[in-house]
2 protein chains.
Amino acid sequence: MSCQSKSCEKCHHNICTYRVPIFSDLEQNEMTKVTELIITRKYARGEMIVMEGNQLEGLYIIHSGRVKAFRYTQEAKEQILYLFSEGDFFGEKNLLRKQPVTYHAEALEETQICVIPHHSFHELLKEVPSINYKIMDQLCIRIEHLESLIQNMGTRDMEARISAILLEFAEKYGSKQKDGILVSMPLSREGIANYIGVTRETISRKLSRLQEDGIIELVGNKKLKILDLSALEQDFI
Amino acid sequence: MSCQSKSCEKCHHNICTYRVPIFSDLEQNEMTKVTELIITRKYARGEMIVMEGNQLEGLYIIHSGRVKAFRYTQEAKEQILYLFSEGDFFGEKNLLRKQPVTYHAEALEETQICVIPHHSFHELLKEVPSINYKIMDQLCIRIEHLESLIQNMGTRDMEARISAILLEFAEKYGSKQKDGILVSMPLSREGIANYIGVTRETISRKLSRLQEDGIIELVGNKKLKILDLSALEQDFI
DNA sequence: CGGGCACTTGATAGTAATCAAGTCCGGTGG
DNA sequence: CCACCGGACTTGATTACTATCAAGTGCCCG
């Protein structure tokens, strides 16, 4: 894990400030102020960023890369709670409630994190109270995500659960092509399984089934193409 | 549904203000101000309080009673997301993001709700900005609850899942007795089933099993006594 | 006391977990 | 550039579990 520390004037676009929804209201000079407070860190694929119970020194904002946040179930299986991307943050419980993080976070690919130390953030908050609303906004979005995940995990029909995940991935990581939507999968088969609470074998079988039915096309292990979007949505709705 | 409208000076203790965490920082005179803005409503057991998609006119705070919040799964089964009690609120997405509520809410028993209209709440927020923190606090608590529920739903071992629910109920609705913890169950068997994503028959069987094993004792259909707390916790941990 | 609804219990069937081989893909080194 | 190696993935067979269907039973309320 290497630290790049403070930023120069010329590489502002490499700093989180410009990419993060919670700072979207900031004026130019405020941006600069924030930028000076930020420390950036780099993590390799598979590296742990935080562990459940950690007391973080600040708010962790993802500058680039993808991160999975998970807890362990009783059977010591990973249960994924969130997939974070550029602009997402974690450690807010530390910031707002002085509570340690409640999940593990692991880089899914090379990932850069911007850390805003607690005291810096609270000072910023005093000067720009509108950030408060932005945070609440993000918290509400997170709540919505969790509520949907629970709704999904409550449906017994595995087909529908997988369809829901594929639609989510298509939305976040897909690109339209003339014959369908090409999705760059953020998770391995096992990862998907740990997201919706089943085994990797089940995911394999169901994806194969969807391919047989001509609904999707597997492109290697890390990509797939959605050929019949409406069929997936029908499953889902 | 009957409206009792404004409050008198003498029955302040009947108004939400004094029972709600988000107002715990308020001064006496601020309390009074809030109290005057509040409209109270009464709902009977089984009555719907809000439906998914509703645009609420304000923040709904539970003054007394119990409420279940749920969504429907693909199979049109209820998936319970929250059990709300005195002091809990909903409709915050309307307040903070102008988004409709994302779940149905139904009174589990006779329930009184205090409604703080949007504009009143926003005015209050201007005068007492610390309420912001309280709300974020509550949102974080809600997130924690949802994360735990997902973790629980991700464990395959049904025994462990039910144990987790019983421990949650014991915490929230239990009273210590010399031979165990008497828990007043907020949900029917079917309700419990809809909380952890199984069928009512499965709940019945597992509860019977726990009784056979001397871990709990069923007291009618609406109460149960936990005789061996550590056995439940062992299941759970 | 009676009726209805929630609950319990039993039998069966369906589905995913588990166990167990293979197979494929991607990366590495020659 | 190709061959090889290891980990991820697929597929098959079996087992275990819960859903489902069905028939009582008992609790609670009027």
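So, a few notes on the structure that sits alongside this text. Everything numeric in this text was worked out from a predicted model, so none of it was measured.

With respect to the overall build of chain A
Within chain A, the regular secondary structure consists of eight helices and 13 strands. Relative to the globule expectation of 18 Å for 237 residues, the C-alpha radius of gyration of chain A, 19 Å, shows essentially globular dimensions. Judged by the C-alpha coordinates and their principal axes, chain A covers about 55 × 45 × 35 Å. Counting the 237 residues in chain A, one finds 55% classified as buried. Within chain A, residue pairs in contact and separated by at least 24 positions form 68% of the contacts whose partners lie at least 6 positions apart. Counting only carbon and sulfur atoms, one obtains 48% of the accessible surface of chain A, whose full area is about 10600 Å².

Structural notes on the protein's contact with DNA strand D
The environment of DNA strand D is formed by 20 residues, the closest being A:Ser204, A:Ser208, B:Thr199, B:Thr202 and B:Arg205. Among atoms of DNA strand D positioned within 4 Å of the protein, sugar and phosphate together represent 66%. One of the side-chain nitrogen or oxygen atoms of A:Arg189 is found 2.9 Å away from a phosphate oxygen of DNA strand D. One nitrogen or oxygen atom from the side chain of A:Ser208 is found 2.6 Å from a phosphate oxygen belonging to DNA strand D. Only helix 6 (189-196) and helix 7 (200-212) of chain A together with helix 7 (200-212) of chain B provide two or more residues apiece to the surface near DNA strand D. Class assignment for the residues of the surface near DNA strand D results in three nonpolar, eight polar and nine charged.

Re the relation of the copies chain A and chain B
Placing chain A over chain B gives an RMSD of 0.0 Å and needs a rotation angle of 180°, together with 0.0 Å of translation along the axis. Read as a symmetry element, the transformation amounts to a two-fold axis. Interface overlap between copies: 100% of the residues of chain A at the interface are likewise at the interface in chain B, consistent with a symmetric, same-surface contact.

As for the interface of chain A and chain B
Interface size is commonly expressed as the accessible surface area that is lost when the partners come together. With 44 residues of chain A in contact, the opposing surface of chain B contributes 46 residues. For the pair chain A and chain B, the summed buried area comes to about 4000 Å², and 59% of that belongs to carbon and sulfur atoms. The largest contributions to the chain A side of the interface with chain B come from A:Gln74, A:Glu147 and A:Ile150, which together make up 17% of the buried area. On inspection of chain A and its partner chain B, the count reaches eight salt bridges. A:Glu144 is the partner of B:Arg97 in a salt bridge, and the nearest nitrogen-oxygen pair spans 3.1 Å. Scanning the region where chain A abuts chain B turns up 26 residue pairs in polar contact (both at pLDDT 80 or more). Going through the elements one at a time, strand 5 (67-72), strand 6 (78-84), helix 2 (92-97), helix 4 (130-154) and helix 8 (229-236) of chain A are the ones with two or more residues in the side of chain A that touches chain B. Sorting elements by how many residues they give to the side of chain A that touches chain B places helix 4 of chain A first, with 19 residues. Among the residues forming the side of chain A that touches chain B, the class breakdown is 21 nonpolar, eleven polar and twelve charged.

Overview of the environment of B:Pro21
Residues and elements named next belong to chain B. In this fold, Pro-21 is placed in the segment before helix 1 (28-37). On the basis of relative accessible area, Pro-21 is assigned to the partly exposed category, the value being 36%. Discounting residues that sit within four places of it in the chain, Pro-21 has contacts with Gly-87, Lys-134 and Gln-138.

Things to note about the environment of B:Thr35
Residue and element names in this part refer to chain B. The topology assignment puts Thr-35 in helix 1. Taking C-alpha positions, Thr-35 is 31 Å from Ile-80, a pair spaced 45 residues apart along the chain. One polar contact links the side chain of Thr-35 to the main-chain carbonyl oxygen of Met-31, over a distance of 2.7 Å.

A look at the packing of helix 5 (residues 158-173) of chain A against helix 6 of chain A
Residue and element names in this part refer to chain A. Following both chains from N to C, one finds helix 5 and helix 6 inclined at 115°, their axes separated by 11 Å at the closest point. Classed by the angle they form, the pair helix 5 and helix 6 counts as roughly perpendicular. Of the two possible hands of crossing, helix 5 and helix 6 adopt the one that is right-handed. Side by side, helix 5 and helix 6 meet where Arg-161, Ile-162, Ile-165, Glu-168 and Phe-169 of the first sit next to Ile-192, Tyr-195 and Ile-196 of the second. When the residues that make up the contact of helix 5 with helix 6 are grouped by side-chain class, the tally is six nonpolar, no polar and two charged.

Reading the values: the criteria
Residues numbered from 1 in each chain as written. Chains lettered and ligands numbered in written order. Predicted model: local features only at pLDDT ≥ 70, side-chain atom pairs only at ≥ 80, totals over all residues. Heavy atoms only, no water. Helix = DSSP H or I, 4+ residues; strand = E, 2+ residues; numbered from the N terminus. Rg over C-alpha atoms; globule rule 2.2 N^0.38 Å. Buried < 20%, exposed > 50% of the residue type's maximum accessible area, 1.4 Å probe, protein only. Contact = heavy atoms within 4.5 Å. Areas by Shrake-Rupley, 256 points an atom, 1.4 Å probe, with all protein chains shown as cover. Near = heavy atom within 4 Å. Polar contact = N/O pair within 3.5 Å; in protein donor to acceptor, adjacent residues only side chain to side chain. Nonpolar A, V, L, I, M, F, W, Y, C, P; charged D, E, K, R; others polar. Least-squares fit on C-alpha atoms with pLDDT ≥ 70 in both. Buried area = accessible area lost by both parts, 1.4 Å probe. Salt bridge = Lys/Arg side-chain N within 4 Å of Asp/Glu carboxyl O. Axes fitted to C-alpha atoms, helices over the stretch in contact; angles between N-to-C directions. Parallel < 35°, antiparallel > 145°, perpendicular 65-115°, else oblique. Left-handed = near helix turned anticlockwise from the far one by under 90°.

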